[in-house]
Every structure is written in C-alpha cells, then in structure tokens.
Amino acid sequence: MVEIELDGKKVSVLEGSMVMHAAEAAGTYIPHFCYHKKLSIAANCRMCLVDVEKAPKPMPACATPVTQGMIVRTKSDKALKAQQSVMEFLLINHPLDCPICDQGGECQLQDLAVGYGKSASRYEEEKRVVFHKEVGPLISMQEMSRCIHCTRCVRFGQEIAGQMELGMLQRGEHSEITTFVGQTIDSELSGNMIDICPVGALTSKPFRYSARTWELSRRKSVSPHDSTGANLIVQVKNHKVLRAVPLENDAVNECWIADRDRFSYEALNSDARLTQPMLKQGGQWKPVDWTTALEYVANGLKQIKTQHGAASIGALASAMSTSEELFLLGEFMRGLGSQNIDHRLRHADFRTEAGAVRWLGLPIAELSTLDRALVIGSFLRKDHPLFAQRLRQATRRGARVMRIGAQSDNWAMNVAGEIVAAPSDWLSVLIEVAAAVATAKGVTAPLSVTPGEQAQAIANALLSGERKAVLLGNAAAAHPQAAELLAIANWIAEQAGARCGYLGDSGNGVGAQLVGAQPGQGGLDAGQMLAKPLKAYLLFNTEPVLDAANAAQAAKSLQAAEMVIAFSPFQANAEFADVMLPIAPFTETGGSFVNADGRVQSFHGVVRPLGDTRPGWKVLRVLGNLLGLNGFAQESVEDVRAAAGLNDAGKIAARLSNASSATPQIMAAPAGLQRIANVPVYATDSIVRRAPSLQETADANAPLVALNAALWAHLGLQEGAKVRVKQGDGSVVLPASLDATLAANTARVSAGHPSTAVLGAVFGTLSIERA
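Quantities reported herein were computed from a predicted structural model and do not represent experimental measurements. (Residues numbered from 1 in each chain as written. Predicted model: local features only at pLDDT ≥ 70, side-chain atom pairs only at ≥ 80, totals over all residues. Heavy atoms only, no water.)

S.K.: So what about the domain arrangement of the protein? Which residues, and what values?
M.R.: Many descriptions give the size of an interface as the accessible area lost when the pieces come together. In terms of domains, the protein is made up of domain 1 (2-92), domain 2 (122-267), domain 3 (301-352 + 508-655), domain 4 (364-502) and domain 5 (673-770). One C-alpha centre belongs to domain 4, the other to domain 5, and the line joining them spans 26 Å. Here domain 4 and domain 5 share an interface that buries about 1200 Å² over both sides, 64% of which is from carbon and sulfur atoms. Where domain 4 touches domain 5, the interface holds 1 salt bridge. In this assembly, domain 4 and domain 5 are joined by 6 residue pairs in polar contact (both at pLDDT 80 or more). (Domains from an automatic or database assignment. Buried area = accessible area lost by both parts, 1.4 Å probe. Salt bridge = Lys/Arg side-chain N within 4 Å of Asp/Glu carboxyl O. Polar contact = N/O pair within 3.5 Å; in protein donor to acceptor, adjacent residues only side chain to side chain.)

And the structure:
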C-alpha cells in the first residue's frame, strides 16, 4: 500500500494505482470523460488534470501513478484553471444543440460544463461538422459532431466486446470515430457503447426521440433471456416501457448487459401482443372474457381426465417464466394427477440425479479470475454474451481458455487449445482428455484409451494454474449423452482441482429445477411428451415448434392433440391452440429468477399489464381453484415464493449439485451427415423473436446451411448457391455457405427459426443435395 495526501486527507491505495483510484477511494470526485473503471486508461480528454506538488504542470489523475508521500490537490487554483481550460477546448467545436439532443439531461459534458465551462465562448470561427454514419438498427451515429474523442467506444470494442468495430480516422480537428469502410456494428454487446458515451454522439436508435430522461420512471428488474440474470433498470413513461439499461452489480453483470437484454423491450409494446383471452370456434379466433376462457379450460381438462386419465395431460414450459409461475404450474399438474411437466424442451437426455439441481458450479464473478477453463459444447459468444465477456477479461490477464465443440467459431478471444469434432465424438474426445489427465496424475482413467496430441495439450493446461473450471455449454446440456459428458467432466475437474458446471441454457433454468418444473415419479419428460401425442397440452410461455429439440415432431404431436392451451404474452401457437390466455411478461408481473450460480433475484412488475393480460401465477391460481385443487390459496407472489421454498438460501445451496452417476461408454457414430444446430442469439425465446430492431441485425438474418470444405467441394457449390436439406419427412431449400471451421461429416443448420422448423432432431442426421 502507498499513502498519499489528497486535498489534505491521507489516503492509502495499492501500489501501482493512479491518482484517480485514490480519489475514488477517498470519495473525491475528479471531473473526467475518457476514464472508465472497466476500461484501459487512455488519458486523452485531459479533463482530470490535478495539481501534484513538485510537478511542473498539472497532471492527468487517471494516468499518474501514486508514489509514497505524494501531495495532490484537486481543487486548487492551478487544477481548476487547467480543468476550465480543457473544458473550453472541448466546447470549441461542440454543437450547442442540448435542447434537441437525446442525451440532454443525462450528459456528462452538459453537467461538467455547468461547473467548469464559461458563460460565453471566445471561439468565433466556424465549428467543424462531422458527417453522420449508418451503423445498423441499434446505435444511432447521426450526430457525430458532438463526439469529443474520448475513445471509450473504441476501447470497449477492443477490450470488452472483443472486436474493434469502431476506430479513429484522421488527426487533430479532423479526427472522427467511425466503422471500418462503412460496416455495421454487429457485436452482441454493442448497446453498452451508448451507456459509456459521455455525450450524445452514440444514442439508442429504437429509443431516439421517444422521451426525455426526466420524464421516465426508473424501476429495477431482471433480464429473463439467459442464465446470467442481468440486473436492469427499466425506464417507463405512461405505463409503457421505453428503455432498458444496466443496473450495476459486480457479482452478476458488472455494468454491462447484452443487446437482447437492452432492446427486447420493443416486443412488449408490439402488435404481436395478446391482450385478451381468445377461443377458437369453427376455426376462427374470437375474443372472450376471462371467466368464459377459464371455465372452458377447466371443463376441457376435466373431460379429458375423465375419458383418458390424468396421464394424458402434459405441460411444457419455458424456463424464462418466473419461478413462482413454474412452481404453480407444477402444483397444478400434480393436483390434476399428472406428473408430465418439463421445461427442457431442447434436451435429448433427461437423466438427472434425484433432487439435484444443475448449476454453474462457481460464482459468476469468478469466471473473470480463472486461470484455466475448458468449455464443452457451447456457442459461447452468442449463447452467453456476458459470460463470454468475463472469460475474455480472464484471457487478457493471462488465462488459457480451451474448448471442445463441433465448430471453431469466433469467440472474440484467444482460444489456447481446441478439439473440433462431430457431436457424436464429443464423449470420446473428453474421455481422451481424461486419459491424458490420468496418465499425468498416475491414476486409473475412466476408460482406457490413447489420448491424441490435442487432448494431451488440454490436459496439461488444465493441470497447471490455480483457479480452474470445466464448463458445459447449451449443446452439451442438450446432447443425447449429456449425463455421460457430465460424468467425465466431473472426473476431469476433480483430478485437475477444478470446478465443474453448466453455463445454463435459459434465464431461469436453475429456478425451474428448484421448484419442480420437471417430471415426477412415472411422469413423461419433454421428449416423451412430444414423441407421441398426448390428449391435452398446456404450453406455458413456450412455442414448441421453435423451442423443441425436434420441431417437426412437436408440430405433429400438437396438431394431433384434442386440446392445446397456450399461456403467452403473445399470439403464439395459434395454429395448434384451442384457447390462448394472455399472461404477463416479466415487466408486467412480480416474481423471481434464479441465475446460473443459484442466486435468487426477485423483482416487481414495472408497468401495469397490457389490456386484459394477467400475471401467469394468478391465472394458474384461479384455474386451480376452479378445479378444486389444494394449495392454490396464495394472495400474493411473495406467498407463492415462500411456498416454493425460495426464501431459504441454505436449502437452495444444499440442492445445487452437478453429480452424475452415468457410466461412460463410447457409442458408434451415426451413419450420415450430422447436424449442428445452434440457436441464433435473437431466436432464443418468444420476446427476442418479436423485437423489431433485434430482428433487423446481422445476427437475425435467415439461417444459412454452413458446409465444411470437403462437402462443399463434393457438391460442387459456388458462392450464392442453394441446397436442399432433408431430415425425416421434412425438406427445405436454404442458401449455402462455406465454413472451413466445421468438423468433418457435419453441417450447421440453425434451430429456433421458422425456416428450419420443418426439420427434425437437432442432434439428428440429415442429407444435403444441390437445389
């Protein structure tokens, strides 16, 4: 520690810290623009000049290291005059358009100009003008004359997002921030540039000119889109969500959120919303009141239970539903006498240890401090943008991240080692890594195999370093041999002194497990419920044709059912449903999500429900009462949470376990071309699929069929060619693209999109021919 004197106060900070860090520790504010605590130091705005004793001139606080006994004055005449001079230069070319600037009212430059600017400018020359840029549907660069060249956006791209999409051209007064040769900004974290821009140069295109900051109410919430559980501040005007920005929480999302957390709110105000109960009569949808709709559902379920038994009724739920909704849905199904409930629609292997809840295996914040990480079966960057960001920070500090998967896709970080193999080979590859670990440790391997060079390199890396993790991604969780993959991953982690866990495939997957939203004794899992048609389905917040592991089979089963009840904020499942009940999305209801590391995060609705929409837990409570079921007397969402046992952190922690008793066996690879089915980042759930701006991004483009070089050459394809993809009874013609990073004998055809919904299992085989 080094002790300095700051404005007459003694402050101790770590050696190597800057004066700015000492000021933060002392609670002293030093004006600044380019400095940001999560970014590298640039020292190019000069606004933080301070008076350092014995220094010949004012020094930038953000870039001046502390030394023992240093005396710093931040409010002396020398410091204030320097800061005022910098402010005068910054305002020379800045347009005086605060009244029409979207940043007005929350602008750092505006705030500091009040304290450090002059009442009139001495500059009488013509101000510079910078031509606007078009960089995509999310960020507006229409007013780049406002830019003060702090380079926060440039450094964010390089250091946090992992790709330098913005840079600076020219020099001096002619400098300007722009993309490379007119490209768009396509990062899945790009919206954070809007937050860190200290002026109105980068603003939100969907929010542009919607409201003034002082007109907005600010309310806390939690994002449902992935297992991070990113903390949000949702901004509201006239009972309408107009903006979502990050709520800083270093243990969860730091000060960042992904673009789907930020811009998905557009769907909540869209025409796709279902605002009143609907019944299908004579093939036509007709609006009805809640009493009629709920009585129809109750009578229909009674009739099916009487005629076919309770086991003919099944519930499929999305794990972006709140824990309280999922708990009551489970209670409702068990009250009916059915154990058929599941949230794991994309899975192919449903084996779990009794009572165990699969989770990340370590606190989210520790991802940033790992020395070694092995990621298995994950499209990490698009599946988990904020987890990828944390691992990116770890690699910048020297960590080695390795992976096993079916494609060498771009994670925007340095990958220290990888094995690219078809999905059917993942288990044998992992067994090779285990064998290499066993040899190095002098222990018996789970199976006796000879490890290859790449497996040996990964094993050697895992055995070095101190803080280590073996992480299974969404594809590994959904894999037909998921239990065996977990068993081997656990063995490797134990021998290497690492933690093992799942990255998590949905916003409330841990919560869904905790509250029992999966089959009980004798119940059917999601795969079994959709493999053969049941008589009745309850679809809660999900669209099985886009969310299920086998889209084509899901459509057949739903079509053959006698009754389908759709609970959704949107007009979803209309082609299969007999009744659609409008339930509130996360912004219109209270509840809780449990993120990947087992953290229960509760929230309240930030706006009143739209139209006749009702919170899902209330709809289930009323249905339970109509059917005379026990356990549906809750008066508030807090009562439901208590009944679900989510208030006892100790009991929750005791249930978190990634144990697997499966016995690994190497299976023969299936005959045929294996399908790799990523779910695009803006196709993961019903909300992002209906957010207009997100659907205009490059990541939301219609799927291509990605082929490896050997298959591309075998088919004799040229750029722009189309191919016919056949799987089961389904066939679709799609554009083809060459991807040399794919494993041999594989082709990537995305799931979760209407254009590929006629195809079969995501881990199945398919055939491809020239169209």
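Moving on, there is more to tell.
S.K.: Go over the UniProt feature "domain: 4Fe-4S Mo/W bis-MGD-type" (unreviewed entry) in the protein with me, naming the residues and quoting the values.
M.R.: Under the UniProt annotation, "domain: 4Fe-4S Mo/W bis-MGD-type" (unreviewed entry) lies at residues 216-272. Helix makes up 9% of residues 216-272 and strand 35%, with an end-to-end C-alpha separation of 24 Å. (UniProt positions renumbered as here; feature names shortened; annotations may be inferred. Helix = DSSP H or I, 4+ residues; strand = E, 2+ residues; numbered from the N terminus.)

S.K.: Account for the pattern of salt bridges, naming residues and giving values.
M.R.: What the rule picks out here adds up to 38 salt bridges. Between Lys10 and Glu5 there is a salt bridge, with the nearest N and O atoms lying 3.8 Å from each other. Between Lys726 and Glu769 there is a salt bridge, with its nearest N and O atoms 3.7 Å apart. Taken together, the residues Lys726 in strand β30 (residues 722-727) and Glu769 in strand β33 (residues 765-770) connect sequence positions 43 residues apart. A relative accessible area of 35% means that Lys726 is categorised as partly exposed. Salt bridges sharing partners connect three or more residues here, namely Arg346, Glu543, Asp547, Arg689 and Arg690. (Buried < 20%, exposed > 50% of the residue type's maximum accessible area, 1.4 Å probe, protein only.)

S.K.: Any details on helix α7 (residues 290-308)? Residues and values, ideally.
M.R.: In this model α7 runs 27 Å from its N-terminal to its C-terminal C-alpha over 19 residues, within 8% of the 27 Å that 1.5 Å per residue would give. Listed as buried for α7 are Trp290, Ala293, Leu294, Val297, Ala298, Gly300, Leu301 and Ile304. For α7, the buried positions fall inside an angular range of 165 degrees around the axis, keeping them on one side. Structurally, the start of α7 carries an N-cap: the backbone nitrogen of Thr291 is 3.2 Å from a side-chain oxygen of Asp289. (Expected span 1.5 Å × (residues − 1). Arc of directions from axis to C-beta.)

S.K.: Would you mind going over the packing of aromatic side chains in detail, with residue names and values included?
M.R.: Considering all chains together, one arrives at 4 aromatic pairs under this definition. When the ring of Phe332 is compared with that of Phe632, the centres are 6.4 Å apart and the planes differ by 90 degrees; the resulting orientation is edge-to-face. On the criterion of sequence distance, the pair formed by Phe332 in helix α8 (residues 323-336) and Phe632 in the loop between α19 (616-626) and α20 (637-643) is long-range, its members being 300 residues apart. Residue classification places Phe332 among the buried residues on the basis of a relative accessible area of 0%. On the basis of relative accessibility, which here comes to 3%, the residue Phe632 falls in the buried class. Between Arg243 and the ring centre of Phe207, over which it is positioned, the NZ or CZ distance is 4.3 Å. Cation over ring: Arg403 sits above Trp411, and NZ or CZ is 4.5 Å from the ring centre. (Phe/Tyr/Trp six-rings, centres within 6.5 Å; stacked < 30°, edge-to-face > 60°. Lys NZ or Arg CZ within 6 Å of the ring centre and 35° of its normal.)

S.K.: Describe the sheet that holds strand β10 (residues 203-204), listing the residues and the values that go with them.
M.R.: The strand order across the open sheet built from 3 strands is β6-β7-β10, with neighbouring strands paired in antiparallel fashion. Where the open sheet ends on each side, the last strands, each with one partner, are β6 (133-134) and β10. Sheet topology places strand β7 (residues 139-141) next to β10; 2 bridges connect them, and they run antiparallel. For Ile139, the partnering residue across the bridge sits in β10 and is Ser204. (Pairing = 2+ DSSP bridges.)

S.K.: Any chance you could break down the pairing of strand β24 (residues 563-568) for me, citing the residues and the numbers?
M.R.: Within β24, 6 of the 6 residues are buried, leaving the element largely enclosed by the surrounding structure. Side chains of β24 alternate between two faces, with Met563, Ile565 and Phe567 and Val564, Ala566 and Ser568 buried alike.

S.K.: Could you give me a rundown of unusual backbone geometry, with the residues and numbers involved?
M.R.: Phi at Gln170 is positive, roughly 65 degrees, even though this residue is not glycine. In this structure, Gln170 sits in the loop between β8 (166-169) and β9 (176-179). Positive phi values are uncommon outside glycine, yet Ala412 reaches one of about 55 degrees. Considering the arrangement of structural elements, one finds Ala412 in the loop between β19 (400-405) and β20 (415-420). Residue classification places Ala412 among the buried positions, given a relative accessible area of 11%.

S.K.: Tell me about the nonpolar core, residues and numbers included.
M.R.: One finds Phe33, Met47, Ile139, Phe156, Leu166 and Leu202 to be the most contacted residues of the largest nonpolar core, which totals 72 residues. Those elements that place two or more of their residues in this core are α2 (77-92), α3 (108-116), β7, α4 (152-161), α5 (192-196), β12 (231-237) and β13 (240-246). Setting aside residues up to four positions removed in sequence, Phe33 forms contacts with Cys45, Met47, Met87, Leu90, Gln108, Leu109, Leu112, Ile148, Cys150, Arg152 and Pro198. Residues Ala293, Phe332, Met563 and Val594 belong to the second largest nonpolar core, which totals 51 residues. (Core = buried A, V, L, I, M, F, W, Y, C linked by side-chain atoms within 4.5 Å. Contact = heavy atoms within 4.5 Å.)

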